[in-house]
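If you want the building blocks of each chain, they are given just below.
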Amino acid sequence: MQRSWVGVVIFGCACGPVVPSIGEDTGGESTASGLADAGAGDGSNDSALDDSSTGVAEVHLCGAPDASVPLAVLGDARGGTVLRADGSTSALELSPSTAPAGADTAPGFAPRGEWIAVVRTWFEHVGSYGTQIDMLTQDGQQRWTVTHDLTSLSSLHVGDDGTIVASRSDATGATTGVLYLEAGEQVLLPGLTPVGRRRSDGWIPGWLPGANGDSTAGWMSSELAVRQLRHPVLWSWVPRDDGAFVYLTADAGTVSLVVDEPDAATIVTIDALAGVDTSTLSVSASPDARWLLVHDDTLGWWRIAVGDGATDALDLTPPQGTTMMECYSPPVAIDDAGRLLVATRDATAAAALRLDPVSDTWEVLGERVTDVDGIATQPFGETLLVQTSGQGTTFCPRQEFDPGSAVLGGATQQLLRPIDGYARVVADDVALLPDRQGRCAALTSAEGLTLVDVVQDLEIDPLPGATALVWWNR
């Protein structure tokens with residue numbers, strides 16, 4: 001097939017209307033004044049809903065369908081605040097801290113669905129630490145609270161029913177899984193390291209102790225029954241949000257796709273991989289686990305649709321004049337639409353390119369960058385985060401470049417949404433976190449925290465003093 005080259009280069013920074021800062025939260029409800037008037041555009045975006053009774057466009061941040069939808073929890077040293085789609089905020093009332101006076105108890109948050117799990121792990125000195133857990137409803141009402149001395153928690157997963165699954169470490173250094181149902185209702189999950197929330201059928205995905213002292217993937221039930229994955233895993237498994245595991249398996253020269261769940265597994269033979277040396281294969285996945293990207297060490301590439309096993313052989317040879325920018329392994333990712341994100345370079349600069357296998361066309365993503373040793377592209381829906389590493393700052397071999405026309409160099413960050421023509425260069429000392437759908441991004445620096453709606457090109461300073469943001473998981 002003749003490959004076509006689409007020279008789509010996105011330059012500069014999209015600078016749209018800036019929404020006034022949200023006022024200081026006093027414990028009640030506050031609103032970002034001016035948000036509803038801040039340039040709702042031409043009305044074509046489904047995030048800007050027109051209130052026909054007033055003629056004023058009501059702007060909902062991050063593509064939310066309703067003004068009251070919670071977007072994120074903002075955290076600081078004191079507690080947390082819920083940010084909603086209309087820019088309003090409301091403070092969370094946590095239970096009184098049980099930590100010793102002066103101990104650091106900055107909270108961590110895990111908001112999902114109708115619930116907000118809050119964990120405060122405190123440390124005073126060696127042998128003096130503990131953990132406090134609050135479970136709140138979406139509107140901030142206290143559901144229950146639990147305190148543990150000489151205990152720390154990690155890997156919190158909140159279920160649809162308000163349960164929490166976590167890894168719990170005690171004073172002896174032993175770690176085990178634990179399921180919190182309500183205050184005082186805890187189920188220890190021996191040897192389990194959870195990788196997801198409890199499913200509606202009671203099974204919890206995670207790492208299980210193996211027969212030879214190693215670990216294997218599978219599920220443990222609320223009643224402590226155990227089920228392991230049904231087939232040997234080729235390269236690695238991918239945990240899906242619904243608690244299933246997606247992986248490839250091989251048997252007698254046949255490679256198959258497996259979607260494994262506690263009660264059943266779907267298996268599809270991948271004929272396109274028949275006869276391939278399976279010892280050379282590596283596997284990665286799109287963020288939503290809808291696609292698998294398979295590679296072997298002879299430069300063979302395939303993408304597999306997890307839904308039906310449909311497989312495409314890919315030609316990832318970059319356009320003429322460019323080469324793949326390798327660092328021990330090929331820097332290629334796959335997005336939720338099945339497009340390939342490839343790090344490339346020419347004589348003067350590096351660039352992230354995107355290949356659409358359906359149209360067989362490439363496009364350049366953002367600015368070209370010179371004097372770098374590495375470049376990585378992360379997809380968040382239709383939004384992309386492109387980051388480069390300066391020379392001598394990685395374990396990659398040093399890359400040399402000729403003088404050229406690239407306007408960026410060294411360590412850089414670019415926030416891009418090509419479908420809407422949005423492009424922004426962000427300072428490399430700013431922590432940049434898009435939401436899962438890629439409609440918004442949080443920018444955190446020494447100056448504070450800013451939220452950017454990249455679809456509507458809006459900005460707000462969520463809350464004075466906020467130092468962290470956790471996006472809502474739905």
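Given the structure is predicted, the values throughout are model-derived calculations rather than measurements.

Peer 1: Explain the overall build of the chain to me, using residue names and the numbers behind them.
Peer 2: Looking only at helices and strands, one finds zero helices and 42 strands in the chain. Residues counted as buried form 50% of the 474 residues belonging to the chain. Put simply, 45% of the contacts in the chain that link residues at least 6 apart link residues at least 24 apart. Carbon and sulfur atoms make up 51% of the accessible area of the chain, which amounts to about 21100 Å² in all.

Peer 1: So what's going on with the state of the cysteines? Residues and values would help.
Peer 2: Under the definition given, this model contains two disulfides. Note on cysteine connectivity: C62 is disulfide-linked to C440, with sulfurs 2.0 Å apart. Because the torsion about its S-S bond is -100 degrees, the bridge between C62 and C440 counts as left-handed. Taken as a pair, C62 in the loop between strand 4 (56-59) and strand 5 (70-75) and C440 in strand 39 (residues 440-445) lie far apart in primary sequence, 378 residues in all. Owing to a relative accessible area of 9%, C62 belongs among the buried residues under this scheme. Disulfide partner of C327: C396, at an S-S distance of 1.9 Å. Here the S-S torsion is close to -100 degrees, and the disulfide linking C327 with C396 is therefore left-handed. Taken together, the residues C327 in the loop between strand 28 (323-324) and strand 29 (332-334) and C396 in the loop between strand 34 (383-390) and strand 35 (408-409) connect sequence positions 69 residues apart.

Peer 1: So what's going on with the packing of aromatic side chains? Residues and values would help.
Peer 2: Across all of its chains, the model carries four aromatic pairs by this definition. Between W207 and W237 the ring centres are 5.0 Å apart and the planes differ by 55 degrees, which places this aromatic pair in the tilted class. Of this pair, W207 sits in strand 17 (residues 203-209) while W237 sits in strand 20 (residues 234-239), and the two are 30 residues apart along the sequence. The buried category is assigned to W237, whose relative accessible area is 15%. Arranged with centres 5.3 Å apart and planes meeting at 70 degrees, the rings of W219 and F245 form a pair that is edge-to-face. Taken together, the residues span a long stretch of sequence, with W219 in strand 18 (residues 215-221) and F245 in strand 21 (residues 245-251) at a distance of 26 residues. An identical accessibility class is assigned to W219 and F245; each is buried. Ring pairs connect the aromatic residues W207, W219, W237 and F245, which therefore count as one cluster. Above the face of the F401 ring, R345 is positioned so that its terminal group lies 4.0 Å from the ring centre.

Peer 1: Please provide a residue-by-residue account of the pattern of salt bridges, values included.
Peer 2: This model, assessed by the stated rule, comprises 21 salt bridges. Residues D241 and R436 are paired through a salt bridge, measuring 4.0 Å at the closest nitrogen-oxygen approach. Linking D241 in the loop between strand 20 and strand 21 with R436 in the loop between strand 38 (431-434) and strand 39, this pair joins segments that are 195 residues apart in sequence. Note that D312 is salt-bridged to R303, the shortest N-O span being 2.9 Å.

Peer 1: Please give an account of the sheet that holds strand 20 that cites residues and values.
Peer 2: The strand order across the open sheet built from four strands is 20-21-22-23, with neighbouring strands paired in antiparallel fashion. Either end of the sheet is taken by a strand with one partner, and the two such strands are strand 20 and strand 23 (265-269). Strand after strand, the sheet turns through a mean of 25 degrees between neighbouring axes, direction not considered. Sheet topology places strand 22 (residues 254-260) next to strand 23; five bridges connect them, and they run antiparallel. Bridging from a neighbouring strand, S256 pairs with T269 of strand 23.

Peer 1: Give me the lowdown on the pairing of strand 12 (residues 152-158), citing residues and values where you can.
Peer 2: Here five bridges tie strand 12 to strand 13 (residues 164-169), and the two strands are oriented antiparallel to one another. Paired with H157 across the two strands is V165, which belongs to strand 13. The antiparallel pairing of strand 12 with strand 13 creates a hairpin that spans five residues between the two strands, and G162 there sits at a positive phi of about 85 degrees.

Peer 1: Report on the nonpolar core, specifying residues and quantitative values.
Peer 2: Within the largest apolar cluster, 20 residues are counted, with the highest numbers of intra-cluster contacts made by L61, C62, L71, L74, L451, L469 and W471. The set of elements that each furnish at least two residues to this core consists of strand 5, strand 39, strand 40 (448-453), strand 41 (458-460) and strand 42 (468-471). Tallying contributions element by element places strand 5 first for this core, with three residues. Aside from chain neighbours lying at most four places away, what touches L74 is G79, G80, T81, L83, L449, P462, L463, A466, A468 and L469. In terms of nonpolar packing, the next biggest core, distinct from the first, is built from 19 residues, A244, L248, L281 and W302 among them.

Peer 1: Give a description of the confidence of the model for the chain that names residues and reports values.
Peer 2: On average, residues of the chain carry a pLDDT of 87, and 88% of them reach 70 or more. Note that pLDDT drops below 50 for residues 1-55; the model gives that stretch 122 contacts with residues more than four away or on any other chain.

Peer 1: Which residues make up the pairing of strand 15 (residues 185-189), and what are the values?
Peer 2: Pairing geometry for strand 14 (residues 175-182) and strand 15, over five bridges, is antiparallel. Bridging from a neighbouring strand, Y180 pairs with Q186 of strand 15. The loop that links strand 14 with its antiparallel partner strand 15 comprises two residues; one of these, G184, has a positive phi angle of about 80 degrees.

Peer 1: Quick one: what's the story with the sheet that holds strand 38, residue by residue and with numbers?
Peer 2: The strand order across the open sheet formed by four strands is 38-39-40-41, and the pairing between neighbours is antiparallel. Sheet topology places strand 38 and strand 41 at the edges, where each strand pairs with a single neighbour. Going from strand to strand, the sheet's axes swing by 20 degrees on average, the running direction of each strand aside. Bridging between strand 40 and strand 41 involves three bridges; their strand directions are antiparallel. In the sheet register, D453 faces strand 41, and the bridge partner there is L458.

Peer 1: Go over the environment of D161, please, and point to the residues and values.
Peer 2: By the secondary structure assignment, D161 is in the loop between strand 12 and strand 13. According to the relative accessible area criterion, D161 is partly exposed, its value standing at 39%. Each C-alpha atom of the pair D161 and L181 lies 8.9 Å from the other, and the pair is 20 residues apart in sequence. Beyond its immediate stretch of four places on either side in the chain, D161 contacts W115 and R198.

Scoring rules and cut-offs
- Residues numbered from 1 in each chain as written.
- Predicted model: local features only at pLDDT ≥ 70, side-chain atom pairs only at ≥ 80, totals over all residues.
- Heavy atoms only, no water.
- Helix = DSSP H or I, 4+ residues; strand = E, 2+ residues; numbered from the N terminus.
- Buried < 20%, exposed > 50% of the residue type's maximum accessible area, 1.4 Å probe, protein only.
- Contact = heavy atoms within 4.5 Å.
- Areas by Shrake-Rupley, 256 points an atom, 1.4 Å probe, with all protein chains shown as cover.
- Disulfide = S-S within 2.5 Å.
- Phe/Tyr/Trp six-rings, centres within 6.5 Å; stacked < 30°, edge-to-face > 60°.
- Lys NZ or Arg CZ within 6 Å of the ring centre and 35° of its normal.
- Salt bridge = Lys/Arg side-chain N within 4 Å of Asp/Glu carboxyl O.
- Pairing = 2+ DSSP bridges.
- Axes fitted to C-alpha atoms, helices over the stretch in contact; angles between N-to-C directions.
- Core = buried A, V, L, I, M, F, W, Y, C linked by side-chain atoms within 4.5 Å.
- pLDDT = per-residue confidence, 0-100.

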